[in-house]
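Analysis of the macromolecular model
The primary structure of each chain is shown beneath.
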Amino acid sequence: MSQPPARPQAFITAPPRRVLFLCVHNSARSQMAEGFARALAPPEVEVWSAGSEPSSVNPLAIEVMREVGIDIREQRSQRIDQVPWREADTVVTLCGEAEGICPVVAGDVRRVHWPLPDPAAAPEPQRLKAFQSARDEIRWRVASLWPRGETP
């Protein structure tokens, strides 16, 4: 008799305990995700963000997060090798480029891909709105990792 297929781990039954948000420049989307995760995850959860070509945290990311009461001014763009990514149980990539540069992770590590448009690439007149839209989408997605009611 054959074994039933193993069920994939669901966030609802096994929320992340050590999560890495990964994007190429680690300047906007992954920084906002880190900020939301720090605000929404239980206190024992470890949260990191990093990139393969980090730059600096985009001032518009800081501004739109401040609009929803989350301060990410102290966060810094980091290279993937500056965070303990091998300890992560969940790796979330937030841009198309990142899925290709994501490090090889163990088979039991969840990989989640959120291919969100880069708000910094929006034309100047629409850039703030693009950051706000990205923020709102990221908030909803991060909240789904640790469902527990209201989000900030």
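Residues numbered from 1 in each chain as written. Predicted model: local features only at pLDDT ≥ 70, side-chain atom pairs only at ≥ 80, totals over all residues. Heavy atoms only, no water.

Describing the packing of aromatic side chains
For clarity, the cut-off: Stacked, edge-to-face and tilted are the three classes for Phe, Tyr and Trp ring pairs, Trp counted by its six-membered ring, which pair at centre distances within 6.5 Å; planes under 30 degrees apart are stacked, over 60 edge-to-face, the rest tilted. Helix and strand assignments follow DSSP, with helices taken as H or I runs no shorter than four residues and strands as E runs no shorter than two, numbered in order from the N terminus. Three labels apply to residues, based on accessible area from a 1.4 Å probe with only protein chains included: buried if under 20% of the type maximum, exposed if over 50%, partly exposed otherwise in between.
If you walk through the whole model with that rule in mind, you get 1 aromatic pair. Ring geometry for Phe21 and Trp114: centres 6.3 Å apart, planes at 40°, overall tilted. Pair noted here: Phe21 is in strand β1 (residues 18-22) and Trp114 is in the loop between β4 (110-113) and α4 (127-145), with a separation of 93 residues, a long-range link. Pair check on accessibility: Phe21 and Trp114 agree, each one buried.

Points about helix α2 (residues 59-67)
Helical geometry note: an α-helix holds 3.6 residues per turn, so side chains three or four residues apart project in the same direction. Worth spelling out the cut-off: When checking whether two residues touch, look at their non-hydrogen atoms; a contact exists if any pair is within 4.5 Å. Under this definition, polar contacts are N or O atom pairs within 3.5 Å; protein pairs additionally need one hydrogen-donor-capable and one acceptor-capable atom, and for neighbouring residues in sequence, both atoms have to be side-chain atoms.
Listed in full, the buried residues belonging to α2 are Leu60, Ala61, Ile62, Val64 and Met65. Lining the buried residues of α2 we find α1 (29-40) and α4. One side-chain oxygen of the residue at the start of α2 lies 2.8 Å from the amide nitrogen of Leu60, identifying that residue as Asn58. Of the residues trailing α2, Gly69 is marked for its positive phi of about 85°.

Description of the confidence of the model for the chain
Put simply, the rule reads: Per-residue confidence from the predictor is reported as pLDDT, a score between 0 and 100.
Summing up the model confidence of the chain, the mean pLDDT is 86 and the portion of residues at 70 or higher is 81%. Averaged pLDDT values for the elements of the chain fall to 59 in helix α3 (residues 96-101) and rise to 98 in α2. Here residues 4-10 is modelled with pLDDT under 50, and outside its nearest four sequence neighbours on either side it reaches 3 contacts, counting other chains as well.

Things to note about the pairing of strand β3 (residues 90-93)
Let me state the cut-off plainly: Only strands joined by at least two bridges in the DSSP assignment are considered to pair.
In β3, alternate side chains face the same way, and those of Thr90 and Val92 on one face and Val91 and Thr93 on the other are all buried. Here β1 runs beside β3; their pairing, made up of 4 bridges, is parallel. Its bridge partner being in β3, Val19 is matched across the sheet by Thr90. Note: β3 against β4, 4 bridges, orientation parallel. Note that in β4 the partner of Thr93 across the bridge is His113.

A short note on the nonpolar core
Test applied: Within this scheme, the nonpolar core is defined by two criteria: the residues are buried Ala, Val, Leu, Ile, Met, Phe, Trp, Tyr or Cys, and they are joined through side-chain atoms within 4.5 Å.
Residues Phe21, Leu94, Trp114 and Val142 are the most contacted members of the largest nonpolar core, which totals 35 residues. Of all the secondary structure elements, the ones that give two or more residues to this core are β1, α1, α2 and α4. A total of 6 residues in this core trace back to one element, the largest contributor, which is α4. Core analysis: the next-biggest nonpolar cluster, separate from the first, contains 10 residues, Trp48, Val83, Trp85 and Val109 among them.

Digging into the packing of α1 against α4
Short version of the rule: Each axis is a line fitted through C-alpha atoms, and for a helix only the stretch in contact is used; angles between axes span 0 to 180 degrees, taken between their N-to-C directions. Here the angle decides the label: under 35 degrees means roughly parallel, over 145 means roughly antiparallel, 65 to 115 means roughly perpendicular, and every other value means oblique. With the far helix as reference, a near helix turned anticlockwise by less than a right angle produces a left-handed crossing, and one turned clockwise produces a right-handed crossing. Here the term charged refers only to Asp, Glu, Lys and Arg, the term nonpolar to Ala, Val, Leu, Ile, Met, Phe, Trp, Tyr, Cys and Pro, and the term polar to all other amino acids, Gly among them.
Look at α1 against α4: their axes get within 9 Å of each other, and the N-to-C directions meet at 45°. Classified by the interaxial angle, the pair formed by α1 and α4 is oblique. Note that α1 runs across α4; the crossing there is right-handed. Residues Arg29, Met32, Ala33, Phe36, Ala37 and Leu40 of α1 form the contact with α4, whose own contacting residues are Phe131, Ala134, Arg135, Ile138, Arg139, Val142 and Ala143. Of the residues contributing to the contact of α1 with α4, the split by class is 10 nonpolar, no polar and 3 charged.

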